[in-house]
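What the coordinates show
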Amino acid sequence: MQLVIEHLKKNFEKKEVLKDISFTFEQGKIYGLLGRNGAGKTTFFNCLNEDLEVDGGRFYLTDKEKIEDCDIGYVLSTPNVPEFLTGREFLKFFIDINQNRIKDLKSIDEYFELVQINEEDRDRLLKDYSHGMKNKMQMLVNIIMNPQVLLLDEPLTSFDVVVAEEMKNLLRDIKKDHIIIFSTHIMELALDLCDEIVLLNKGVLEYVDKRQKKGEPLKEKIIEALKGE
Amino acid sequence: MIKSFVISFRLKNAYRINSIIYSLKQLPFIKKILPNRLYQNKGIKIFGNIINILLEILNIFLGKFLYIWLMIFSLLGIYEGNSPDIFLHLFFFLTLAGAILNTYMFNPTKDKYYAMILMNMDAREYTLSNYFYAMIKTIVGFLPFTVLFGYLAGVPIWLSFVLPIFVCAVKMIMAAYNLRVYSKERKVINENNPPRSYWIFVGLFLLCAYGLPFLKITLPSVVVVIFFFLAILVGLLAFKSIWKFSYYRKVYKELLLNSPVYMTSENLKNQVVRENTLKQIEYDERFTSTKSGFAFFHDLFVKRHRKILTLAIKKQSIVLIFLFLFFVVVLLLNKGIHQQVNTILLTYLPYFVFIMYLLNRGQTVTQAMFMNCDHSMLTYRIYRTPKVILGIFKERLKTLITLNLIPASILGIALPVLLYITGGTDNPLNYLVLFISILAMSIFFSVHYLVMYYLLQPYNAMTEMKSSTYSIVQGLTYFVCYFMIDLQLPTMTFGLAISVFCILYSVISLFIAYRFAPKTFKLRV
């Protein structure tokens, strides 16, 4: 499976944020999306998630005629969970309304185990969860939904080092069946976790070859590219 | 200091104009015509400045005119006695009460927040220059009306000229006193949330102002005049201490940043709205649900928001029952008013549109729906599928209609009963029309708020209100309902018309919501 983007354009009035983006993302890989502040990373994700109408171009999955709502999952940097529900109720609701779509349905507790949410926290209101726990729940719901494309907008920044490592391992585990696009400002994280690095610079996507030639440091190469040098 | 004043004035103008442009850019259709570069447009800035100056002039004079006219001059007729004495008596005590609640200096406003906190302007220079400008505005604003209404009331003209200076002096004394409180106790008085003792004084002054003349007691003019001049003398000393005070930055940091009642930036305001709506969530282990899917989700929402849903409706219903019983007793004891009440019930049904507007919980509930539920759920693409959106919409509609129908039914039964007690009507259909129209209005408001919410979903992911259209619709709803207060129409005619309208509106708007909500119900980007 591939996510193919062809001539994608998005303008805000006269400002061209995404200019004619064409790129192919492949299943089984984690893509690190790097870009400077205001480069349009969130706009790019919002377009793929159809939160924003695009001004031109198209994108599609190679094994599907039409992208459906369950095909794309979007994890935002700020966790969003319905605060009046407990963790367990939130998962139950999601499973209830998506029963037909979920493959290999597990018990709710098994799902909690997956992201290591303690037993005593599972029946607490989500409004009393910490930022990191809310983020885990958000990630978990997207994992349960098992979308083919997973968009992650700086999802690890709020986690402590232990949880961040767990989440990285989780992403590595699930990448085989997914296309994961991971936006971050932390270059070390991108280089450590991601299989491919993509730069969003001046409205276009550029692929950066991670395989370094001897004596050519990757970090400097990326920074120079982002600076436009 | 003059430079500081000019900078702060320009700053105030700039953000007011930008706010106007921003609001215009939120309007449907218009936002497509107006480009972003409008913010740079000199013509618009000049136009905005002219509007600002006009608003400033209005602000200087209008309030003072209304104040003296409504709170003093128009009341002279109800008291017996010498007009000039009563005029001066009222003016004196109201000024004392006003000085406590309206110091200007201790009012946490956006202007001050932007200038002193965000722009880091010199707090003393900013405060003093703007404070003296405010005092000059007070004198200039009061003068024409103290002279005009003073003349009409028979107050000597020279004294009418002294009155605005007295107002200024008392305000300065109060400001100096509050600064002294800060110097001694490190306590900042917020004029929007004054201490209890201040309220006691305000109450006392108001009582003296309006109560004493009823007992034919007024302060003799000579005494008032002596107080005026004393106050002006003390005011000069107050001016000196205001001038010398050197902790304005500390005072305003405390006032503008830590005040629980003051919210300046949108983020902070949203944060408070958000915190308040989060407080509405009530967790009790007994509140679980045996349902599944949308029904489960919604059932828990209702159970965890009892405060604003079931409990609020219960309170409303109890109050309505008590009011109903009270009116029944009054009518049984006093047959003399039967005719009047009967006429009211047969001609004032439009008034109940406004009452139903006030009773309906739709606005509060849709806000909680967004803040505590949809705000997060709409970020999940799966929640935005037509099946989920319409499934939850249906559950919500059922709950809103059912809950709002409870107090509506009480009112719907109470009105025909009161009509019967007061002598009834020749046409028995009036009883039925009263009942049905109240229920129809209740359904109308439930549908209206929910449909508007689904069609215009006005908030973005940061829980900021981003739709002027939504605000306009809310405002129009209020305006139309308020307008109904003055309408007098036969209950039969109006009742039938409003019932048909409510039913048609509900059917059509539900059809539109079903058709378009899956497209419109999303977070604003």
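The model shown is predicted, which means the values in this text are computed figures rather than measured ones.

We now examine the packing of aromatic side chains. Considering all chains together, one arrives at 58 aromatic pairs over all chains under this definition. Here the aromatic rings of Phe23 of chain A and Tyr31 of chain A are separated by 6.5 Å at their centres, their planes lie at 85°, and the arrangement is edge-to-face. Like Tyr31 of chain A, Phe23 of chain A is buried. In textbook terms, an aromatic cluster arises when at least three aromatic residues are bridged by ring pairs, as seen for Phe354, Tyr357, Phe444, Phe445, Tyr449, Tyr478, Tyr482, Phe501 and Tyr505 of chain B. Taking the ring centre of Phe296 of chain B as reference, the NZ or CZ of Lys92 of chain A above it sits at 4.5 Å. A cation over an aromatic ring shows up here: Lys112 of chain B above the ring of Tyr104 of chain B, its NZ or CZ 4.4 Å from the ring centre.

Let us now look at the confidence of the model for chain B. Residues and elements named next belong to chain B. When pLDDT is averaged along chain B, the result is 87; 95% of the residues meet or exceed 70. Within chain B, helix H18 (residues 429-456) carries the highest mean pLDDT (94), whereas helix H11 (residues 266-279) carries the lowest (63). Throughout residues 260-265 the model reports pLDDT below 50, and contacts reaching past four residues in sequence, or to other chains, amount to 15 contacts. Overall fold confidence (pTM) sits at 0.68, and the ipTM for the predicted complex is 0.82.

All names here are of chain B. A cluster of nonpolar side chains, namely Val222, Val223, Ile226, Phe227, Leu230, Leu233, Val234 and Leu236, defines an oily patch on the protein surface of about 710 Å² accessible area. With respect to the helices, strands and loops of the structure, Leu230 is situated in helix H9 (residues 221-244). For Leu230, a relative accessible area of 45% corresponds to the partly exposed category.

For the rest of this paragraph, the subject is empty space enclosed by the protein. A water-sized probe, rolled over the atoms, reveals where empty space remains. Overall, the coordinates contain 4 cavities of 30 Å³ or more when judged by the stated rule. Lining the largest cavity are Asp69, Cys70, Ile72, Gly73, Phe94, Val141, Asn142, Met145 and Pro147 of chain A together with Tyr380, Arg381 and Ile382 of chain B. At the level of elements, strand E5 (72-75) and helix H4 (131-145) of chain A are the ones that each hand at least two residues to the lining of the largest cavity. Among the elements that line the lining of the largest cavity, the one with the most residues is H4 of chain A, at 3 residues. Looking at the lining of the largest cavity, its residues break down into 8 nonpolar, 2 polar and 2 charged.

With that settled, the discussion passes to the nonpolar core. Membership of the largest hydrophobic core comes to 97 residues, with the highest contact counts inside it found for Phe90 and Phe93 of chain A together with Tyr383 of chain B. Those residues within four positions of Phe93 of chain A in sequence are excluded, and the remaining contacts are Gly293, Phe294, Phe296, Phe297, Met377, Tyr383 and Ile392 of chain B. One finds Leu94, Phe145, Val170 and Phe205 of chain B within the second-largest nonpolar core, a separate group that totals 41 residues.

The next thing to look at is the layout of surface pockets. All names here are of chain B. Computed from the structure, the second largest pocket encloses a volume of approximately 860 Å³. If you trace the second largest pocket, you find 37 residues lining it, with Lys64, Asn102, Tyr104, Thr138 and Lys171 closest to the centre. Those elements that place two or more of their residues in the lining of the second largest pocket are helix H1 (2-24), helix H3 (42-72), helix H4 (83-101), helix H5 (110-118), helix H6 (123-153), helix H7 (157-185) and helix H8 (196-211). A breakdown of the residues in the lining of the second largest pocket according to their chemical character gives 17 nonpolar, 11 polar and 9 charged.

Each value, and the rule that gives it
- Residues numbered from 1 in each chain as written.
- Chains lettered and ligands numbered in written order.
- Predicted model: local features only at pLDDT ≥ 70, side-chain atom pairs only at ≥ 80, totals over all residues.
- Heavy atoms only, no water.
- Phe/Tyr/Trp six-rings, centres within 6.5 Å; stacked < 30°, edge-to-face > 60°.
- Buried < 20%, exposed > 50% of the residue type's maximum accessible area, 1.4 Å probe, protein only.
- Lys NZ or Arg CZ within 6 Å of the ring centre and 35° of its normal.
- pLDDT = per-residue confidence, 0-100.
- Helix = DSSP H or I, 4+ residues; strand = E, 2+ residues; numbered from the N terminus.
- Contact = heavy atoms within 4.5 Å.
- Patch = residues over 30% accessible without salt bridge, like charges linked within 9 Å, V, L, I, M, F, W, Y side chains within 5 Å.
- Areas by Shrake-Rupley, 256 points an atom, 1.4 Å probe, with all protein chains shown as cover.
- Salt bridge = Lys/Arg side-chain N within 4 Å of Asp/Glu carboxyl O.
- 1 Å grid on protein atoms, 1.4 Å probe; cavity = no way out; pocket = protein on both sides within 12 Å on 5 of 7 lines; lining within 4 Å.
- Points joined across faces, edges and corners; volume = space filled by probe spheres on them.
- Nonpolar A, V, L, I, M, F, W, Y, C, P; charged D, E, K, R; others polar.
- Core = buried A, V, L, I, M, F, W, Y, C linked by side-chain atoms within 4.5 Å.

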